[in-house]
Amino acid sequence: MSAYGSSETPAPKRLRTRHIQAMKAEGRPISALTSYDALSAKIFAEAGVDILLVGDSAANVVLGRQSTLEMSVDEMVMLGRAVAAAAPRPLVVVDLPFGSYEVSTQQGVGTAIELMKRTGADAVKLEGDRPELISAVVNAGIPVMAHLGFTPQSEHALGGFVVQGKGEAGQDLLRSARSVQDAGAFAVVLEMVPQEIAREITQTLDIPTIGIGAGNGTDGQILVWTDAFGLGRGRAPRFVRRFADVASVLEDAARKYVQSVGDRSFPAEAESFSDGGK
């Protein structure tokens, strides 16, 4: 169950940003997963996941692309609508894709409005220390989840998949975390940062921190679901724990299907129609 399902606190029918913020205040760990389709969203919602992120990581794990930079607003809308429709209880957050908010604050607000109107999501997420943009989107009535540390949309500027916030850079990260909080973000993702600075940020901020490769001192955790449940076959990042091997289950089922078709054991009589109408 979600951390909200206890005898002391009845589970709300729909999680809002205020519930997520209350979980930090009450010391309740926040669970989050990515989701890109109605099937996974429904399963994760029933399992009690608190936040579903429609991430631009779909570029890699759904569309087979090399980089998240290739996602478009229309593609995020398609995925976001599917998740939001299938999972009314979790807080559904949609990524602003690369190129849809960097030009100007006006562009970013426009994209956030479009995503909210067309997906039915509850909030948007954007990368980087962008207090002016966060404030403007929040003032437009849209909750914002910030994203600091390693920000995949800036992988080329950061020099690849490199841990952020080491040494003196940790204090810069802390200042950025304060900045996005002051701008009105309701939560912040901390990706690939030393656990020590992630813990310090968590203890400093009033808003929840959601870690991915940031140790267990954050208020919550998020993973790309295909990594966490073993749908992919490639090497997983160091911070990923594989809770299942879904790829092997699917492959085994597919092999059984191919064999059954090949030996004509499928479809059987019970899976066929007759002229008698049964």
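Note that the structure is predicted; figures quoted are calculated from it, not measured. (Residues numbered from 1 in each chain as written. Predicted model: local features only at pLDDT ≥ 70, side-chain atom pairs only at ≥ 80, totals over all residues. Heavy atoms only, no water.)

Caption draft 1: Here's a closer look at the overall build of the chain. Summing up its helical and strand segments, the chain has 10 helices and 8 strands in all. Relative to the compact-globule value of 19 Å for 278 residues, the chain shows a C-alpha radius of gyration of 21 Å, a close match. Counting only C-alpha atoms and orienting by the principal axes, one finds that the chain spans roughly 70 × 40 × 40 Å. Per-residue burial over the chain gives 48% buried out of 278 residues. When contacts within the chain are restricted to residue pairs at least 6 apart in sequence, long-range pairs at least 24 apart make up 55% of them. Summed over all atoms, the accessible surface of the chain reaches about 14,200 Å², with 53% contributed by carbon and sulfur. With 27 positive and 33 negative side-chain charges, the chain shows a separation of 4 Å between the mean positions of the two kinds. (Helix = DSSP H or I, 4+ residues; strand = E, 2+ residues; numbered from the N terminus. Rg over C-alpha atoms; globule rule 2.2 N^0.38 Å. Buried < 20%, exposed > 50% of the residue type's maximum accessible area, 1.4 Å probe, protein only. Contact = heavy atoms within 4.5 Å. Areas by Shrake-Rupley, 256 points an atom, 1.4 Å probe, with all protein chains shown as cover. Lys, Arg positive; Asp, Glu negative; His and termini not counted. Charge placed at Lys NZ, Arg CZ, Asp CG, Glu CD.)

Caption draft 2: Summary view of the UniProt feature "active site" (unreviewed entry) in the chain. Mapped onto the present numbering, the UniProt feature "active site" (unreviewed entry) falls at Glu191. Turning to its location among the elements, glutamate 191 is positioned in strand S6 (residues 187-191). Sequence-distant contacts of glutamate 191, defined by excluding residues within four places in its chain, comprise His147, Leu148, Gly149, Phe150, Pro152 and Ile212. (UniProt positions renumbered as here; feature names shortened; annotations may be inferred.)

Caption draft 3: Structural detail: helix H4 (residues 73-86). In this model H4 runs 20 Å from its N-terminal to its C-terminal C-alpha over 14 residues, within 8% of the 20 Å that 1.5 Å per residue would give. When H4 is considered as a whole, its buried residues turn out to be Val73, Glu75, Met76, Val77, Leu79, Gly80, Val83 and Ala84. Buried residues in H4 make contact with helix H2 (38-47), strand S2 (51-54), helix H3 (58-61), strand S3 (91-95) and helix H5 (105-119). (Expected span 1.5 Å × (residues − 1).)

Caption draft 4: Geometry of the side chain of threonine 34. Within the fold, threonine 34 resides in strand S1 (residues 30-34). A polar contact is formed between the side chain of threonine 34 and the backbone nitrogen of tryptophan 225, at a distance of 3.0 Å. Aside from chain neighbours lying at most four places away, what touches threonine 34 is Phe44, Leu53, Ser57, Ile222, Leu223, Val224 and Trp225. (Polar contact = N/O pair within 3.5 Å; in protein donor to acceptor, adjacent residues only side chain to side chain.)

Caption draft 5: Quick look at the packing of H2 against H4. Here H2 crosses H4 at 35 degrees, and the two axes come no closer than 8 Å. In this structure, H2 meets H4 at a crossing whose hand is right-handed. On H4, the residues touching Ala38, Ala41 and Lys42 of H2 are Ala82, Val83 and Ala86. Looking at the contact of H2 with H4 residue by residue, the class counts come to 5 nonpolar, no polar and 1 charged. (Axes fitted to C-alpha atoms, helices over the stretch in contact; angles between N-to-C directions. Left-handed = near helix turned anticlockwise from the far one by under 90°. Nonpolar A, V, L, I, M, F, W, Y, C, P; charged D, E, K, R; others polar.)

Caption draft 6: Just the pairing of S3, in detail. Among the 5 residues that make up S3, 5 are buried, leaving the element largely enclosed by the rest of the structure. Sheet topology places S2 next to S3; 4 bridges connect them, and they run parallel. Bridge pairing links isoleucine 51 to leucine 91 in S3. Two strands pair when backbone bridges link them, and S3 and strand S4 (residues 123-127) are joined in this way by 3 bridges, in the parallel orientation. Within S4, the position partnered with aspartate 95 by the bridge is lysine 125. Crossover handedness for the path S3 to H5 to S4: right-handed. (Pairing = 2+ DSSP bridges. Right-handed = clockwise from strand over helix to strand, strands pointing away.)

Caption draft 7: The pattern of salt bridges, seen in detail. Summed over all chains, the structure comprises 11 salt bridges. Among the ionic pairs, arginine 118 bridges to aspartate 74, the shortest N-O distance being 3.0 Å. With arginine 118 in helix H5 and aspartate 74 in helix H4, this pair connects stretches of sequence that are 44 residues apart. Judged by relative accessible area, arginine 118 falls into the partly exposed class, the value being 36%. A salt bridge links arginine 255 to glutamate 251; its shortest N-O distance comes to 2.7 Å. In this pair, arginine 255 and glutamate 251 both sit in helix H10 (residues 246-262), 4 residues apart, roughly one turn of the helix. Glutamate 251 sits in the partly exposed class, given a relative accessible area of 31%. One continuous salt-bridge network, built from bridges that share partners, spans Asp74, Glu114 and Arg118. (Salt bridge = Lys/Arg side-chain N within 4 Å of Asp/Glu carboxyl O.)

Caption draft 8: Geometry of a nonpolar patch on the surface. A cluster of nonpolar side chains, namely Tyr257, Val258, Val261 and Phe266, defines an oily patch on the protein surface of about 390 Å² accessible area. As for its position among the elements, valine 258 is in helix H10. (Patch = residues over 30% accessible without salt bridge, like charges linked within 9 Å, V, L, I, M, F, W, Y side chains within 5 Å.)

Caption draft 9: Representation of the packing of aromatic side chains. Tallying each qualifying case throughout the model produces 4 aromatic pairs. Summarising the aromatic geometry, the rings of phenylalanine 44 and tryptophan 225 are spaced 5.5 Å apart at their centres and angled 70 degrees between planes, so their arrangement reads as edge-to-face. Taken together, the positions of phenylalanine 44 in helix H2 and tryptophan 225 in helix H9 (residues 225-228) put the pair 181 residues apart, joining distant regions of the chain. Of the residues examined, phenylalanine 44 reaches a relative accessible area of 7% and is grouped as buried. According to the relative accessible area criterion, tryptophan 225 is buried, its value standing at 14%. Chaining the aromatic ring pairs together yields one cluster made of Phe44, Trp225 and Phe229. (Phe/Tyr/Trp six-rings, centres within 6.5 Å; stacked < 30°, edge-to-face > 60°.)

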